[in-house]
Amino acid sequence: LKVNRYNTFDEILLYCKNSANPVGRLILELNNIRDEEANYYSDEICTALQLTNFYQDVSIDLTRDRVYFPLDEFGNYSTDKLFSKVYDNDYKQLMKKQIERSRKMFENGRNLLKFLNKRLKYQIKWTILGGELILTKIEKNSYNVFEYRPKVTKIDIIRLITKSVI
C-alpha cells in the first residue's frame, strides 16, 4: 500500500511513529536506556527530524507524487497549487505552521538529554541543532523550498559541533 497524501497531522504522526521513531528507540536501547519518558522525548526528536526532512524535500517529494502536509491544514492553498509550485502567502502560512510545530517538538525533545551519557548527549544535541538549522534556513528564505533546498554545509557542521559541546 502506497500512501502519498495525509488528511490530518495525526496521520503524518502515525507515519513517523512507524518510520522515524523506531530509530531513536533503537539508539536508546543500544545505550541501555529503557525509560518511557526518554522514549517519548526521543519520539519528539525523531518526528521533528522526519518532518524537517519533509519540508526540506518538498520539491523532491512532489516529483514522486507525495505530499507531507496535512490536507486539512491547507486553508486557501491546494494540492493543485502545491504541484504547480505556487509560492504565495497561503503557502507561506502553511509552511510557517509546520515549521513552528516542528520547532516545538525539537524543544520538547531536548528533555531527552538528561537521560543520556556525555557522548550520546553531544551527538543528539548536534542532531537537534542540525534539524533546527534546516528550519531556520527555510524561514530565512521566506519558506520558499521550491527554489532553494536548504542543506547543512561543512561550515555549518563545524559550528554545530562547537555549539553542541558548549
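Shown above is the structure to which this text applies.
On a predicted model such as this, the values are computed, not experimentally measured, just so you know.

**Student:** What exactly am I supposed to notice about the overall build of the chain here?
**Tutor:** Scanning the chain from terminus to terminus reveals eight helices and zero strands. Reading the chain from its N terminus to its C terminus gives the helix and strand order α-α-α-α-α-α-α-α. Here the C-alpha radius of gyration of the chain, 16 Å, is about what a compact globule of 166 residues would show, namely 15 Å. With respect to the principal axes defined by its C-alpha atoms, the chain has extents near 45 × 40 × 25 Å. Considering only contacts within the chain whose residues lie at least 6 apart along the sequence, 71% involve residues at least 24 apart. Put simply, the chain shows about 9400 Å² of open surface, and 52% of that area lies on carbon and sulfur atoms. Taken as two groups, the 28 positive and 22 negative side-chain charges of the chain have centres that lie 8 Å from each other.

**Student:** I tried to follow a nonpolar patch on the surface on my own but got confused; where do I start?
**Tutor:** On the surface, a cluster of nonpolar side chains totalling about 380 Å² of accessible area is made up of Trp-126, Val-152, Ile-157, Ile-161 and Val-165. For the nonpolar patch, the element with the highest residue contribution is helix 8 (residues 154–165), accounting for three residues. Among the secondary structure elements, Val-152 is positioned in the loop between helix 7 (118–140) and helix 8.

**Student:** What's the story with empty space enclosed by the protein in this structure? I'm lost.
**Tutor:** It is the rolling of a water-molecule-sized probe over the atoms that shows where space remains empty. In the structure shown here, the tally under the stated rule is one cavity of 30 Å³ or more. Of the volumes computed, that of the largest cavity is approximately 50 Å³. For the largest cavity, the full set of lining residues is Phe-54, Tyr-55, Val-58, Asp-61, Leu-62, Arg-66, Val-67, Tyr-68, Phe-69 and Leu-82. For the lining of the largest cavity, the secondary-structure elements that each account for two or more residues are helix 3 (36–56) and helix 4 (58–63). With three residues, the single largest contributor to the lining of the largest cavity is helix 4. Here the residues of the lining of the largest cavity sort into eight nonpolar, no polar and two charged.

**Student:** Looking at this structure, I do not really get the state of the cysteines. What am I missing?
**Tutor:** Put plainly, two cysteines are in a disulfide when a covalent bond ties their sulfur atoms together. One pass over the structure, following the stated rule, counts zero disulfides. Left unpaired, Cys-16 is separated from the closest cysteine sulfur, that of Cys-46, by 9.5 Å. By relative accessible area, Cys-46 is classed as buried at 12%.

**Student:** Help me understand the packing of helix 1 (residues 9–19) against helix 3 in this model?
**Tutor:** Relative orientation and spacing of two packed helices are given, respectively, by the angle between their axes and the distance between those axes. Between helix 1 and helix 3, the least distance of the axes is 9 Å, while the angle of their chain directions is 110 degrees. It follows from the interaxial angle that helix 1 and helix 3 lie roughly perpendicular. Crossing of helix 1 against helix 3: the hand is right-handed. On helix 3, the residues that touch Phe-9, Ile-12, Leu-13, Tyr-15, Cys-16 and Ser-19 of helix 1 are Thr-47, Gln-50, Leu-51 and Phe-54. Looking at the contact of helix 1 with helix 3 residue by residue, the class counts come to seven nonpolar, three polar and no charged.

**Student:** How should I be thinking about the side chain of Lys-137 in this particular structure?
**Tutor:** Inspection of the secondary structure assignment puts Lys-137 in helix 7. Within the structure, the side chain of Lys-137 is placed 2.9 Å from the backbone oxygen of Lys-151, a separation counted as a polar contact.

Cut-off values and rules
Residues numbered from 1 in each chain as written. Predicted model: local features only at pLDDT ≥ 70, side-chain atom pairs only at ≥ 80, totals over all residues. Heavy atoms only, no water. Helix = DSSP H or I, 4+ residues; strand = E, 2+ residues; numbered from the N terminus. Rg over C-alpha atoms; globule rule 2.2 N^0.38 Å. Contact = heavy atoms within 4.5 Å. Areas by Shrake-Rupley, 256 points an atom, 1.4 Å probe, with all protein chains shown as cover. Lys, Arg positive; Asp, Glu negative; His and termini not counted. Charge placed at Lys NZ, Arg CZ, Asp CG, Glu CD. Patch = residues over 30% accessible without salt bridge, like charges linked within 9 Å, V, L, I, M, F, W, Y side chains within 5 Å. Salt bridge = Lys/Arg side-chain N within 4 Å of Asp/Glu carboxyl O. 1 Å grid on protein atoms, 1.4 Å probe; cavity = no way out; pocket = protein on both sides within 12 Å on 5 of 7 lines; lining within 4 Å. Points joined across faces, edges and corners; volume = space filled by probe spheres on them. Nonpolar A, V, L, I, M, F, W, Y, C, P; charged D, E, K, R; others polar. Disulfide = S-S within 2.5 Å. Buried < 20%, exposed > 50% of the residue type's maximum accessible area, 1.4 Å probe, protein only. Axes fitted to C-alpha atoms, helices over the stretch in contact; angles between N-to-C directions. Parallel < 35°, antiparallel > 145°, perpendicular 65-115°, else oblique. Left-handed = near helix turned anticlockwise from the far one by under 90°. Polar contact = N/O pair within 3.5 Å; in protein donor to acceptor, adjacent residues only side chain to side chain.

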